[in-house]
Amino acid sequence: SEKIELKKDLPVTWSPKKYTVNLAFGVIGPSGDLKEVYDDSGTLTLSANRLIWKGFHAGLFTQYFKLSSQTGNAGAFSSSLSALPLTANVGYSLFFWSDRFRLNAELGGGYYGAKFEIKASDTVVYTRSFYNPTLRVAFSLHWLMFSVVSLGVELNHLQLYDKNQTTGKVTGLVLSAGYVF
């Protein structure tokens, strides 16, 4: 005689998962002194984290954005700042509501590469590339939709330092999709 086995559904939880890779898009805006000069713009982020011990995680984060000067401020002149920060992060994840939700807090530091341009009537008159330190603080909420797919929202703040130790500050809000394994 044949044995019949019933398929058992495994609950969808974060618990056995150690790694998360997120791709996100959203908006980033200048704050502080930069807010007077630059407009908000779109941004694209990529991050990877590994759960290391009881909710503590470590990972890497990168983000691309290009801030352009506000129209009408300088007449025929315009400027732009393109940046690509790369930070190493540590954080804590709080799992709740049947382990399908995860609230993250992260702190990180690293470097950013940037390119500053000034244009006069669509002709580049000045350009400069540089690499400087950056700090990052982020908070995010992720929902484990399927066993390997998560959706989330993240608020992150970057402080971009220059060689004179003055800072440019940008804050971003992004929607993310993640692969969890």
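Residues numbered from 1 in each chain as written. Predicted model: local features only at pLDDT ≥ 70, side-chain atom pairs only at ≥ 80, totals over all residues. Heavy atoms only, no water.

### Section: the environment of Ala88
Thought 1: For Ala88, the location among the structural elements is in strand 4 (residues 77-96).
Thought 2: Taking the C-alpha atoms as reference, Ala88 lies 4.7 Å from Leu60; in sequence the two are 28 residues apart.
Thought 3: Residues within four places of Ala88 in sequence aside, it is in contact with Gly59, Leu60, Leu107, Gly108 and Gly109. (Helix = DSSP H or I, 4+ residues; strand = E, 2+ residues; numbered from the N terminus. Contact = heavy atoms within 4.5 Å.)

### Section: the environment of Thr123
Thought 1: By the secondary structure assignment, Thr123 is in strand 6 (residues 123-144).
Thought 2: Note: C-alpha distance between Thr123 and Ser78 (45 residues apart in sequence) is 9.9 Å.

### Quick word on the pattern of salt bridges
Thought 1: Taken as a whole and judged by the stated rule, the model has three salt bridges.
Thought 2: The residue Arg136 makes a salt bridge to Glu106 at a minimum N-O spacing of 2.7 Å. A residue pair is termed long-range when its members are at least 10 positions apart, and Arg136 in strand 6 and Glu106 in strand 5 (residues 101-120) qualify at 30 residues. Both residues of the pair, Arg136 and Glu106, belong to the buried class.
Thought 3: Measuring nitrogen to oxygen at the nearest pair gives 3.4 Å for the salt bridge that ties Glu117 to Lys115.
Thought 4: Salt bridges sharing common partners tie together Glu106, Arg136 and Glu154. (Salt bridge = Lys/Arg side-chain N within 4 Å of Asp/Glu carboxyl O. Buried < 20%, exposed > 50% of the residue type's maximum accessible area, 1.4 Å probe, protein only.)

### What to know about the nonpolar core
Thought 1: Among the nonpolar cores identified, the biggest contains 13 residues, and Phe65, Leu67, Tyr112, Ala114, Leu160 and Val170 are the most heavily contacted of them.
Thought 2: Mapped by element, the contributors of at least two residues to this core are strand 3 (56-68), strand 4, strand 5 and strand 7 (149-161).
Thought 3: Non-local contacts of Val170, meaning those with residues more than four positions away in its chain, are made with Ile28, Gly29, Pro30, Ser31, Leu34, Phe65, Leu67, Asn156, His157, Leu158 and Leu160. (Core = buried A, V, L, I, M, F, W, Y, C linked by side-chain atoms within 4.5 Å.)

### Some remarks on the sheet that holds strand 4
Thought 1: Pairing within the closed barrel is antiparallel, and its eight strands lie in the order 1-2-3-4-5-6-7-8. Neighbour-to-neighbour, the strand axes of the sheet open up by a mean angle of 25 degrees, direction not taken into account.
Thought 2: Two strands pair when backbone bridges link them, and strand 1 (residues 19-31) and strand 8 (residues 167-180) are joined in this way by 12 bridges, in the antiparallel orientation. For Val21, the partnering residue across the bridge sits in strand 8 and is Tyr179. (Pairing = 2+ DSSP bridges. Axes fitted to C-alpha atoms, helices over the stretch in contact; angles between N-to-C directions.)

### Points about the packing of aromatic side chains
Thought 1: According to the stated counting rule, one finds eight aromatic pairs in the structure shown.
Thought 2: Consider the rings of Phe116 and Tyr126, whose centres lie 6.3 Å apart with planes at 65 degrees: the pair is edge-to-face. Highlighted residues: Phe116 in strand 5 and Tyr126 in strand 6, separated in sequence by 10 residues.
Thought 3: The exposure class assigned to Phe116 is partly exposed, which follows from its relative accessible area of 22%.
Thought 4: Accessibility expressed as a relative area gives 38% for Tyr126, which makes it partly exposed.
Thought 5: Every member of this aromatic cluster is reached through a ring pair, and the members are Tyr19, Tyr179 and Phe181.
Thought 6: The aromatic ring of Phe61 is capped on one face by Arg136, whose charged end is 3.6 Å from the ring centroid. (Phe/Tyr/Trp six-rings, centres within 6.5 Å; stacked < 30°, edge-to-face > 60°. Lys NZ or Arg CZ within 6 Å of the ring centre and 35° of its normal.)

Purely spatial values, then, with no claim about function.
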